[in-house]
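Take a look at the letters that make up each chain.
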Amino acid sequence: MGPVIAVDGPAASGKGTIARALAQHFGLPHLDTGALYRAVALAAARAQVATDDGPALGRLASGLDLSLLEDPDLRSADTAQRASCISACPEVRQALLAFQRDFAAQAGGAVLDGRDIGTVIAPDAELKLFVTAAPEVRARRRWLELGAAGGLAGLAAVAAEIRARDARDQDRAAAPLRMADDAILLDTTDLDKDMAVRRAIELAISRLGPAS
Ligand code: CDP
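This one's a predicted model, so the numbers in the text were calculated from it and none came from an experiment.

Student: Tell me about the site of the ligand, residues and numbers included.
Tutor: The local shell around the ligand holds 19 residues, among which Lys15, Arg38, Arg142, Arg165 and Asp169 are the closest. Contacts to the ligand include Arg38, whose side-chain N or O atom sits 2.6 Å from an oxygen atom. Contact distances for the ligand include 3.0 Å between a nitrogen atom and a side-chain N or O atom of Asp116. When the ligand sits alone it has 530 Å² of accessible area, and the protein chains cover 97% of it.

Okay, here's the thing in structure tokens:
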């Protein structure tokens, strides 16, 4: 059995970059679980399903059209906000559970990133990282990723969106964003992308040994 690596953390903390780099370093498949919730949010928006209609959202998630993972609107701020609303529905989380658990159970191991990987999806993961950074640093990163749209007013809007999403993700009853008791905290506030990746790989090697 290969190792399972769980990477959790709030919006724009760098968890996606770190998860992709760990997957590449150890030759493991990677699943961005946030993209699944974003795809359900997009399907719901297009089918005009309300963000609190649990049963209808659950049905959309069960029959998720995976081509939505390539949709240009997947990464928009609007889809992110919607994703954090629909992901509070237990029906949605339940519908996406088996797919994520199966991905984590591959014989060769896997890397998954999200909010509840270390706590719910893969509680026995060999390595759990909880990646975070100060909210203003995360807001700036996401604003730059979105092309620094709207100047300083745009930055303020992204910061407000991230605050709202953090609060929603932490306060929901179903699988809230929480650091697992056995996770290692990686604070990337003062680290650039390369430094954060290097630190994550060092932590992984010290826990799992070098890539084989
Ligand atoms: O990339 P970013 O961190 O901004 O967001 P994402 O990982 O794509 O996740 C979008 C939203 O999906 C989050 O705000 C969460 O509400 C939800 N999500 C979740 O509930 N559980 C996960 N395992 C992953 C994402």
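Student: Give me the nonpolar core: which residues, what numbers.
Tutor: Judged by nonpolar contacts, the single largest core of 33 residues is most densely connected at Val40, Leu57, Ile86, Val92, Leu96 and Leu112. At the level of elements, strand E1 (4–8), helix H2 (33–46), helix H3 (54–62), helix H4 (77–86), helix H5 (90–104), strand E3 (110–114) and helix H6 (117–121) are the ones that each hand at least two residues to this core. The leading source of residues in this core is H2, at nine residues. Counting residues domain by domain, this core receives three or more from each of domain 1 (1–29 + 109–212) and domain 2 (33–105). Residue contacts for Leu112: discarding those within four places in its chain leaves Val4, Ile5, Ala6, Val7, Leu31, Thr33, Gln100, Phe103, Ala104, Ile117 and Ile121. Leu22, Phe26, Leu28 and Leu186 belong to the second largest nonpolar core, which has 20 residues in total.

What counts as what
Residues numbered from 1 in each chain as written. Predicted model: local features only at pLDDT ≥ 70, side-chain atom pairs only at ≥ 80, totals over all residues. Heavy atoms only, no water. Near = heavy atom within 4 Å. Polar contact = N/O pair within 3.5 Å; in protein donor to acceptor, adjacent residues only side chain to side chain. Areas by Shrake-Rupley, 256 points an atom, 1.4 Å probe, with all protein chains shown as cover. Core = buried A, V, L, I, M, F, W, Y, C linked by side-chain atoms within 4.5 Å. Buried < 20%, exposed > 50% of the residue type's maximum accessible area, 1.4 Å probe, protein only. Helix = DSSP H or I, 4+ residues; strand = E, 2+ residues; numbered from the N terminus. Domains from an automatic or database assignment. Contact = heavy atoms within 4.5 Å.

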